[in-house]
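Fold and geometry: a report
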Amino acid sequence: MPALALSVLLPFLFAGCAAVVVGGAAAGAGAVHDRRDFGTVMSDRNLQLSAMSAINEDKELALQNDVSVVVFNGVMLLVGEARTPELKARAVRLASGFEGTRKLVDEIEVMEPIGFWARRGDNALTARVKAALLDITSLPGFDPTRVNVTTAHRAVYLMGLVSHTEADAIVEVARNVAGVDKVVKVFEYTD
């Protein structure tokens, strides 16, 4: 009987291992193009998950508001909506203070959370900006996968380790994508 139980459970156990291996491989593959070292990439991911976990543990914030966290090179960006100034302050407080956070950029808006279709519109705008960055071919060695694009309320937030020349080109492209109302640079510079 134990052998039968083991043979039934074994595929499920290996499936979990496969997910971990595939997830780790994906993180490693993404790090190949990144200007951050692998340890920083993993630290940023840990910071993002820790901050989101802290926010999600607060049921009022998690269920009645919509706050997103993006971390790049120790810079934490908070975007989304909080219904009151007090809830916004609580979200910022919960996301603050994690070891490894070098700077916190608070772009949470005090307003009712946007609906499903508005959020899908922001996601589509992010995709259009990312696709448009592929057109930057005049800069030797430029890799658009090094730019993190986040959109909230038709405002595009750009993060990454870039040169000033790259930043200017990225902003110009993003600014000219149909539907973008505002471009916010949260870049760090290599030069």
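Residues numbered from 1 in each chain as written. Predicted model: local features only at pLDDT ≥ 70, side-chain atom pairs only at ≥ 80, totals over all residues. Heavy atoms only, no water.

**A word on the pairing of strand β1 (residues 66-72)**
A large share of β1 lies buried, amounting to five of its seven residues. In this structure, β1 lies alongside strand β2 (residues 75-82), joined through seven bridges in antiparallel fashion. Within the sheet, the bridge partner assigned to Asp 66 lies in β2 and is Glu 81. Taking the residues between adjacent antiparallel strands as the criterion, β1 and β2 are bridged by two residues, where Asn 73 takes a positive phi near 55°. (Buried < 20%, exposed > 50% of the residue type's maximum accessible area, 1.4 Å probe, protein only. Helix = DSSP H or I, 4+ residues; strand = E, 2+ residues; numbered from the N terminus. Pairing = 2+ DSSP bridges.)

**Re the environment of Ser 50**
Mapped onto the fold, Ser 50 is located in helix α2 (residues 38-57). With a relative accessible area of 23%, Ser 50 lands in the partly exposed category. Between the C-alpha atom of Ser 50 and that of Ala 95, which follows or precedes it by 45 residues, the distance is 8.0 Å.

**A closer look at the pattern of salt bridges**
Within this structure, the stated rule accounts for 11 salt bridges. Measuring nitrogen to oxygen at the nearest pair gives 3.1 Å for the salt bridge that ties Glu 60 to Arg 90. In this pair, Glu 60 is assigned in helix α3 (residues 59-64) and Arg 90 in helix α4 (residues 85-95), connecting sequence segments 30 residues apart. The exposure class of Glu 60 is partly exposed, given its relative accessible area of 35%. When the shortest N-O distance is used, the salt bridge between Glu 81 and Arg 119 registers 3.5 Å. Of this pair, Glu 81 sits in strand β2 while Arg 119 sits in helix α5 (residues 116-133), and the two are 38 residues apart along the sequence. Here Glu 81 falls in the buried class, since its relative accessible area comes to 1%. Residue classification places Arg 119 among the partly exposed positions, given a relative accessible area of 21%. (Salt bridge = Lys/Arg side-chain N within 4 Å of Asp/Glu carboxyl O.)

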